[in-house]
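Commentary on secondary and tertiary structure
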Amino acid sequence: MLLRGSRAAGPWRQLPLWLLVALAACAVRASEITFELPDNAKQCFYEEIAQGTKCTLEFQVITGGHYDVDCRLEDPDGIVLYKEMKKQYDSFTFTASRNGTYKFCFSNEFSTFTHKTVYFDFQVGEDPPLFPSENRVTALTQMESACVSIHEALKSVIDYQTHFRLREAQGRSRAEDLNTRVAYWSIGEAIILLVVSIGQVFLLKSFFSDKRTTTTRVGS
């Protein structure tokens, strides 16, 4: 799978400031993916990156087993830039040393029967400035500065919402798993209690039942 992020950069001077901020806040990063990783499986992703580009890989296991996964990141020459085993979540930032296709893989090969749900966010480069500085001879106006501040605050809100959604999904998964275990345990206890009760009934019945004896006389 090839990940490519694209952004439309229109002439900002032709748009109202409030609309520009709203469009920037609603932009969706195409590198955010949540996928299912079956047991004994490995999933790899590929991204074309130019030399000198700053990139950040962030991942988190949402559901499954002990909420851990193996992660590996390689450059176009196959050199390992990042490798972690059985991590629940982590973040790694690097600068591309050369042009080419970078590969990062998530592995669940150590698990024999538990599949995982993995979320990752792969950011390539930095967001373009809200107001380009080329061909500009004056400083930002008060309204433009306020728009920049709002834009940065909205990005922080989006990041916080993402993390809170991941925590909520992980907590819900743990709660559902615990509820399933409690249900099975309750069913097992009910079956054991029923068997013990029936056994006690038969045991008590055997105490009060009359035992008839037969006497055989042997004539001479």
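All residue numbers here refer to positions counted from 1 along the written sequence of the relevant chain. The predicted nature of this model means local features are confined to residues of pLDDT at least 70 and side-chain atom pairs, given and counted, to a pLDDT of 80 or more, with totals for whole chains, interfaces and linings taken over all residues. Based on all heavy atoms of the structure, the side-chain values leave hydrogens and waters out of the count.

1. A word on the UniProt feature "transmembrane region" (unreviewed entry) in the protein chain
Basically, it comes down to this: UniProt positions are given in the numbering used here, feature names are shortened, and annotations may be inferred rather than shown by experiment. Secondary structure follows DSSP: runs of H or I at least 4 residues long count as helices, runs of E at least 2 residues long count as strands, and numbering of each begins at the N terminus.
Within the UniProt annotation, "transmembrane region" (unreviewed entry) is assigned to residues 182-204. This span, residues 182-204, is 100% helix and 0% strand, and a straight line between its end C-alpha atoms measures 32 Å.

2. A closer look at a nonpolar patch on the surface
The following threshold applies: Think of a patch as exposed residues, more than 30% relative accessible area, with no salt bridge, where like charges cluster within 9 Å and nonpolar side chains (Val, Leu, Ile, Met, Phe, Trp, Tyr) cluster within 5 Å. Residue exposure ignores everything except the shown protein chains as possible cover, and the areas themselves are Shrake-Rupley values with a 1.4 Å probe. We define a salt bridge as a contact between a side-chain nitrogen of Lys or Arg and a carboxyl oxygen of Asp or Glu at a distance within 4 Å. For every residue, the accessible area (1.4 Å probe, protein chains only) is compared with the maximum for its type, and the residue is labelled buried under 20%, exposed over 50%, or partly exposed between those bounds.
Where nonpolar side chains cluster on the molecular surface, the patch consists of Tyr184, Ile187, Ile191 and Val195 and spans about 440 Å² of accessible area. Along the chain, the position of tyrosine 184 falls in helix H2 (residues 142-208). Using a relative accessible area of 60% as the deciding quantity, one classes tyrosine 184 as exposed.

3. With respect to the state of the cysteines
Test applied: Throughout, a disulfide means two cysteine sulfur atoms within 2.5 Å of one another.
By the definition in use, this model includes one disulfide. Across the disulfide from cysteine 44 sits cysteine 105; the S-S distance is 2.0 Å. Residues cysteine 44 and cysteine 105 share a disulfide whose torsion about the S-S bond is about 105 degrees; that sign makes it right-handed. Of the two residues, cysteine 44 sits in strand E3 (residues 42-49) while cysteine 105 sits in strand E8 (residues 100-107), which places them 61 residues apart along the sequence. For the pair cysteine 44 and cysteine 105, a shared accessibility class is recorded, and that class is buried. Distance from the sulfur of cysteine 71, which forms no disulfide, to the nearest cysteine sulfur (cysteine 105) is 8.3 Å. With a relative accessible area of 2%, cysteine 71 lands in the buried category.

4. Side note on the pattern of salt bridges
Evaluated as defined, the whole model comprises six salt bridges. Among the ionic pairs, lysine 103 bridges to glutamate 74, the shortest N-O distance being 3.9 Å. Within this pair, whereas lysine 103 is found in strand E8, its partner glutamate 74 is found in strand E5 (residues 69-74), the two being separated by 29 residues in sequence. On the basis of relative accessibility, which here comes to 14%, the residue glutamate 74 falls in the buried class. Between arginine 181 and aspartate 177 there is a salt bridge; the shortest N-O distance is 3.3 Å. Of this pair, arginine 181 and aspartate 177 both sit in helix H2, four residues apart, which is roughly one turn of that helix. Relative accessible area serves as the criterion here: at 58%, arginine 181 is assigned to the exposed category.

5. Looking at the nonpolar core
For the record, the criterion: Throughout, nonpolar core names a set of buried Ala, Val, Leu, Ile, Met, Phe, Trp, Tyr and Cys residues whose side chains join them through atoms within 4.5 Å. Residue contacts follow a heavy-atom distance rule, with two residues in contact if any of their heavy atoms lie within 4.5 Å.
Judged by nonpolar contacts, the single largest core of 24 residues is most densely connected at Phe35, Phe94, Phe104, Phe106, Phe120 and Phe122. When contributions to this core are tallied by element, the ones reaching two or more residues are strand E2 (32-37), E3, strand E4 (54-63), E5, strand E7 (89-95), E8 and strand E9 (116-124). Considering each element in turn, this core owes the most residues, four residues, to E4. Phenylalanine 94 has contacts with Ile49, Thr53, Lys54, Cys55, Leu73, Leu81, Tyr102 and Phe122, leaving out every residue within four places of it along the chain.

6. Some words on the sheet that holds E7
For sheets, the rule is that strands pair by backbone hydrogen bonds, running either parallel or antiparallel. Quick reminder of the rule: By definition, two strands form a pair when at least two bridges between them are found by DSSP. Axes here mean lines fitted to C-alpha atoms, for a helix over just the part in contact, with angles spanning 0 to 180 degrees between N-to-C directions.
Spatially, E2-E9-E4-E7 is the arrangement adopted by the four strands of the open sheet, whose pairing is antiparallel. Edge positions in the open sheet fall to E2 and E7, since each of these has one partner strand only. Recorded for the sheet is a direction-independent mean angle of 20 degrees between the axes of neighbouring strands. Alignment of E4 against E9, held across eight bridges, turns out to be antiparallel. Note that in E9 the partner of threonine 63 across the bridge is threonine 117. Contacting E2, E4 and E9, H2 runs over the sheet at an angle of about 25 degrees to E4.

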